[in-house]
Amino acid sequence: MEPEKRIEELKRLIRGHDNLYYVLAEPTITDQEYDLLLNELETLEETHPELKTPDSPTMRVGSDLTKDFPTRTHSSPMLSIANTYNEDEVIEFDRRIRNLLPGEDIGYICELKIDGVALALHYEGGILRSGVTRGDGVTGEEITSNVRTIRSIPLKLPDFDGDCEVRGEVYLERDDFLRMNENRMDAGEKEFANPRNAAAGSLKLQDPKMTAERPLKFLAYRLTLSGERLSSQWESLERLMKLGIPVSQNRRKCSGPEQIMKFAAEMEAERDKLPYDIDGIVIKVDSHAQFSSLGATAKSPRGAVAYKFQAKQAETILEDILFQVGRTGIVTPVAALRPVLLAGSTISRATLHNEQEIARKDIRIGDTVLIEKGGDVIPKVVEVVKEKRLPDARPFKFIEDCPVCGSHLVRDEDEVAVRCINASCPAQVERSIFHFASRMAMDIEGLGESLVSQLVTSKLVANYADLYSLKYDSLALLERMGDKSASNILDALKKSKKRELKHLIYGLGIRHVGAGAARILSDRFGAIDALMKADMETLESIEDIGPAMAESIRTFFDTPGNIDIIERLRECGLPFEAEYPQPAVTDDFFAGKTFVLTGTLAAMSRNEASDLIRSRGGKVTSSVSAKTDYVLAGTDPGSKYGKAVALDIQTLSEAEFLKRLG
Ligand code: IVH
């Protein structure tokens, strides 16, 4: 291919991967694969400087900036760091340093390269004032309220009242990550691909209370004191410890490549025993004077380099491609492999992610493939060993129908995921019943995951409507089910019939329809029948209901299996109509007005207040804009109050609100 064309192609590929990595937090290639693309582009641009443009991805480090947080310029750029992958490259790094500092003694500090998210902390007078993400390296986002929820970050430094900047890594331990994903799965939310993405997502939540629920941790690797010079990286790390800021205990002074490689090998062997993921080690010139005299390239300091561990890989034959239906209905292609030993275990299955991934890697049945065990437990297919392809290797076609229930599969709007949307598909039954019974839905107490599983396995229920046909006798026969628990479940089921329409709509488990959307739909349509009949245009015209949601609502009600279930729910006497029909615009103070709530109310929770406003025909939104009519402010109101004043929007005290309610 001509260099010009290849350069364009590489730029396009890299930008795509940048977006997947930084914006969507869902990378589809490994760092190493990414580096290969970037290196190829750099080399081409070096040999053809006339083809290098200012917008080339080689001109910048990645960016994780969104528009949701205030930005702040870093005191010094948060650079990224060059990667090495083998001993030769480490030797080359050392040689370069020694050439640049002829005759000087060189010492290195080796640390773990924690696979998390970089964060800069600013302490003023010993008090934590701000936490800023790396952003694009020059400017980051101020996520201070979220950072304050991380328990290993001291809010006040003991015995220190000066100013300093601390940089380090925010991460999640693997166990915490797995637990978090389980909870997300139970709540019908999308799982995170790995701990790093989960940490990144958690740091950027708009509600610090939610961040606080994520067990984020922090380890520091850099300290800058104002008014005091630290002479070396080693000293910085010791000083950080004295300040009560966590640093990793796995660090070592090394004199050169030999000791560095020894540390690397030891850490690679320890890797799986650490509670968090590391993807290598970082090697830094210890002396700060030397480190700064070495300077930096546009992207990374010359005095530091990462040595990345090899992902564990092996070659084997891909014998078939199978399909697995997950509990959320997503159909994932799975490679059936000729069993092979990889990092201590025999592997016969590997994930193939999705159809695009298979096409991109041109994977065919019968191919010899390279598989890899990364930080995740499930191995994946990295690439096809094309030289070993036999002529009879078969291209593969994605299935059209669900392998479990046979109903027609639906492609997600992003065209990546393929999904079975038949609510009676056994693969999804447990999941959907559990969701139906959950607190925000029908709130059926006692119907936990293990009971749902028992009910489905023993064929007592095959969908959530079946729950209402459960009889005492069959329930009491279940293992670990006492007489009392059996009647409690029946009571809870009976009680659930008194829930509201919005709970039922949410409980149906329509994709994209969360509790908030369910409430909007309940308010707007006031009855299941009206919702079932709504066409795309009507649905899309509702504020806060986007095209993706509108489509999945339509698809749900167009699936015959779902209609059967709904009709049975109707027969069982579930809440098919809202208690209060959508109020016509009356002269009520609340009707047609938009409210924003801030601060703490004394007489009720904000949720209760919101429900009351809605029941009187008002609307509650989360942010103040020109469209807001009233801001209801309790005690300790947040920034919304200030915004209301700035926009000249009328504010309402709790007392006034209660008076209006009558
Ligand atoms: S030093 C001057 N040390 O790896 C070099 N970085 O591209 C700046 N990281 O996102 C980084 N552990 O957040 C350094 N012990 C460590 C690290 C570390 C993880 C991250 C860092 C950055 C990336 C470097």
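Residues numbered from 1 in each chain as written. Predicted model: local features only at pLDDT ≥ 70, side-chain atom pairs only at ≥ 80, totals over all residues. Heavy atoms only, no water.

**Side note on the overall build of the protein chain**
Alright, step 1. Broken down by element type, the protein chain carries 24 helices and 22 strands.
Alright, step 2. Its C-alpha atoms give the protein chain a radius of gyration of 29 Å, near enough to 26 Å, the size a compact globule of 662 residues would have.
Alright, step 3. Its C-alpha atoms give the protein chain principal-axis dimensions of roughly 85 × 70 × 55 Å.
Alright, step 4. Looking at the protein chain residue by residue over its 662 residues, the buried ones come to 46%.
Alright, step 5. The centroid of the 87 positive side-chain charges in the protein chain is displaced by 2 Å from the centroid of its 106 negative side-chain charges. (Helix = DSSP H or I, 4+ residues; strand = E, 2+ residues; numbered from the N terminus. Rg over C-alpha atoms; globule rule 2.2 N^0.38 Å. Buried < 20%, exposed > 50% of the residue type's maximum accessible area, 1.4 Å probe, protein only. Lys, Arg positive; Asp, Glu negative; His and termini not counted. Charge placed at Lys NZ, Arg CZ, Asp CG, Glu CD.)

**Looking at the sheet that holds strand β11 (residues 304–308)**
Alright, step 1. A sheet is described by the order of its strands in space; here 5 strands give the open sequence β2-β11-β10-β3-β9, paired in mixed fashion. At either end of the open sheet lies a strand with only one pairing partner, and these are β2 (83–84) and β9 (251–254).
Alright, step 2. For strand β3 (residues 108–114) and β9, the ladder comprises 4 bridges, and the chain directions are antiparallel. Pairing of Ile109 across the sheet is with Lys253, part of β9.
Alright, step 3. Here helix α9 (residues 257–270) sits on the sheet and contacts β3, β9, β10 (278–285) and β11; the angle it forms with β9, its principal contact strand, is near 160°. (Pairing = 2+ DSSP bridges. Contact = heavy atoms within 4.5 Å. Axes fitted to C-alpha atoms, helices over the stretch in contact; angles between N-to-C directions.)

**Focus on the site of the ligand**
Alright, step 1. With respect to spatial proximity, the complete set of residues near the ligand consists of Ser80, Ile81, Glu111, Leu112, Lys113, Ile114, Ala118, Glu169, Tyr221, Val282, Lys284 and Pro301.
Alright, step 2. In the model, a nitrogen atom of the ligand is placed 2.8 Å from a nitrogen or oxygen of the Glu111 side chain.
Alright, step 3. With respect to the ligand, the side chain of Lys113 contributes an N or O atom lying 3.2 Å from an oxygen atom.
Alright, step 4. Relative to its free-state accessible area of 520 Å², the ligand is covered by the protein chains to the extent of 85%.
Alright, step 5. Looking at the shell around the ligand, the elements that each hand over two or more residues are β3 and β10.
Alright, step 6. It is β3 that contributes the most residues to the shell around the ligand, 4 residues altogether. (Near = heavy atom within 4 Å. Polar contact = N/O pair within 3.5 Å; in protein donor to acceptor, adjacent residues only side chain to side chain. Areas by Shrake-Rupley, 256 points an atom, 1.4 Å probe, with all protein chains shown as cover.)

**Notes on the pairing of strand β12 (residues 312–325)**
Here is the key point about a regular strand: its side chains alternate between the two faces of the sheet.
Alright, step 1. For β12 and strand β15 (residues 368–373), the ladder comprises 6 bridges, and the chain directions are antiparallel. Across the sheet, residue Lys312 finds its bridge partner in β15, namely Lys373.
Alright, step 2. In terms of strand pairing, β12 meets strand β13 (residues 330–342) through 7 bridges, oriented antiparallel. Bridge assignment links Asp320 to a residue of β13, and that residue is Ala336.

**Observations regarding a negative patch on the surface**
Alright, step 1. On the surface, Glu87, Asp88, Glu89 and Glu258 cluster together into a patch of negative charge.
Alright, step 2. Within the element layout of this structure, Glu89 appears in helix α3 (residues 87–100).
Alright, step 3. Relative accessible area serves as the criterion here: at 33%, Glu89 is assigned to the partly exposed category. (Patch = residues over 30% accessible without salt bridge, like charges linked within 9 Å, V, L, I, M, F, W, Y side chains within 5 Å. Salt bridge = Lys/Arg side-chain N within 4 Å of Asp/Glu carboxyl O.)

**So, α3**
Alright, step 1. When the terminal C-alpha atoms of α3 are compared, their 20 Å separation across 14 residues agrees well with the 20 Å that a helix rising 1.5 Å per residue should span.
Alright, step 2. Taken residue by residue, α3 has Val90, Phe93, Asp94 and Ile97 as its buried positions. For α3, the buried positions fall inside an angular range of 95° around the axis, keeping them on one side. Away from its buried face, by an angle of more than 90 degrees, α3 presents the exposed residues Asp88 and Asn99.
Alright, step 3. On its buried side, α3 packs onto β2, β3, α9, β10, α10 (288–294) and β11.
Alright, step 4. Two or three places before Asp88, at the start of α3, stands the capping residue Asn86, its side-chain oxygen 3.2 Å from that residue's backbone nitrogen. (Expected span 1.5 Å × (residues − 1). Arc of directions from axis to C-beta.)

Keep in mind these values describe shape, not function.
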